[in-house]
Amino acid sequence: MARSPIVSATLQAAVLGAASNILAQVIEAYRKKSAIEVNWIPVFQFLIFSVISTPPNFLWQDFLESTFPARVASPSPPSSSSSGSKVSRPDQSQPQLSTRNTLIKFALDQTVGAVFNTLLFSIYIHSIHMAMPNAPRITSFTKATGYWLSPGVIDFSAVDLGAVLDAAFAEFWTIVFAGVKLWPAVSLVNFTLVKTVEGRNLVGCIAGLGWGVYMSMIAAKD
């Protein structure tokens, strides 16, 4: 049975999200000239965020493409018959990239999409930190897995939504301005060169590997 595209996209994002946090920890250890020991707690936190954020982003990209298709068929000119009258002939030309639709998708993705993803990340990361205030540092993958599977590890009743929103809005523009250095270029590549939503998600995930390193470092400071 074929795997759903949205499931495949979520699995890809989860792997790359976890990898970005591991890479961020390696970079930080290198900067501090300390031994490289991966703390698996934030790795799992980033993996969960990828699982949460990928489906709505996949559906968003699918909505953009279905509403504003990248390529539209160009009308073919009518051909003349032997009697001199014009006769329409089937369009045999290749669909052309729609500049209008591409610009609309780009604008929506860099405004509505950017606001949604920025706030989603900030709200999630501050909430998970509040819900796990005493999370230990665990460098064993097996022990970290056992810890996550233990009941009561995440207590969302401890989350102060007002404080979470205040923190999210406080760092909103910092994250947005940092994202301007990466995501507009990724969107342009996706909307002009990549034809499928699945392919765009993969390109976004690969670009997100570097972005995830940056976000991991922000999260580590909270």
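Since the structure is predicted, the reported quantities are computational estimates derived from the model, not experimental observations. (Residues numbered from 1 in each chain as written. Predicted model: local features only at pLDDT ≥ 70, side-chain atom pairs only at ≥ 80, totals over all residues. Heavy atoms only, no water.)

## Some words on the pattern of salt bridges
Enumeration according to the criterion identifies four salt bridges in this entry. Measuring nitrogen to oxygen at the nearest pair gives 2.6 Å for the salt bridge that ties E65 to K105. Separated by 40 residues along the polypeptide, E65 in helix α2 (residues 40-67) and K105 in helix α3 (residues 99-131) bring together distant segments of the chain. Given a relative accessible area of 0%, K105 falls into the buried group. Taken together, the shared-partner salt bridges in this structure form one network comprising E28, R31 and K32. (Salt bridge = Lys/Arg side-chain N within 4 Å of Asp/Glu carboxyl O. Helix = DSSP H or I, 4+ residues; strand = E, 2+ residues; numbered from the N terminus. Buried < 20%, exposed > 50% of the residue type's maximum accessible area, 1.4 Å probe, protein only.)

## Focus on a nonpolar patch on the surface
Taken together, the side chains of L161, L165 and F169 define a hydrophobic patch exposed on the protein surface, amounting to about 280 Å² of accessible area. Position of L165 among the secondary structure elements: in helix α5 (residues 161-179). (Patch = residues over 30% accessible without salt bridge, like charges linked within 9 Å, V, L, I, M, F, W, Y side chains within 5 Å. Areas by Shrake-Rupley, 256 points an atom, 1.4 Å probe, with all protein chains shown as cover.)

## Focus: unusual backbone geometry
Its identity is not glycine, yet K33 carries a phi of approximately 55°, on the positive side. Topologically, K33 is positioned in the loop between α1 (5-32) and α2. Judged by its relative accessible area of 79%, K33 is exposed.

## Observations concerning the layout of surface pockets
For the largest pocket, the calculated volume is near 980 Å³. Forming the boundary of the largest pocket are 39 residues, of which N57, N117, W183, G204 and W211 lie nearest the centre. Contributing elements (two or more residues each) for the lining of the largest pocket: α1, α2, α3, α5, α6 (183-193) and α7 (197-220). Grouping the amino acids of the lining of the largest pocket by side-chain chemistry returns 19 nonpolar, 18 polar and two charged. (1 Å grid on protein atoms, 1.4 Å probe; cavity = no way out; pocket = protein on both sides within 12 Å on 5 of 7 lines; lining within 4 Å. Points joined across faces, edges and corners; volume = space filled by probe spheres on them. Nonpolar A, V, L, I, M, F, W, Y, C, P; charged D, E, K, R; others polar.)

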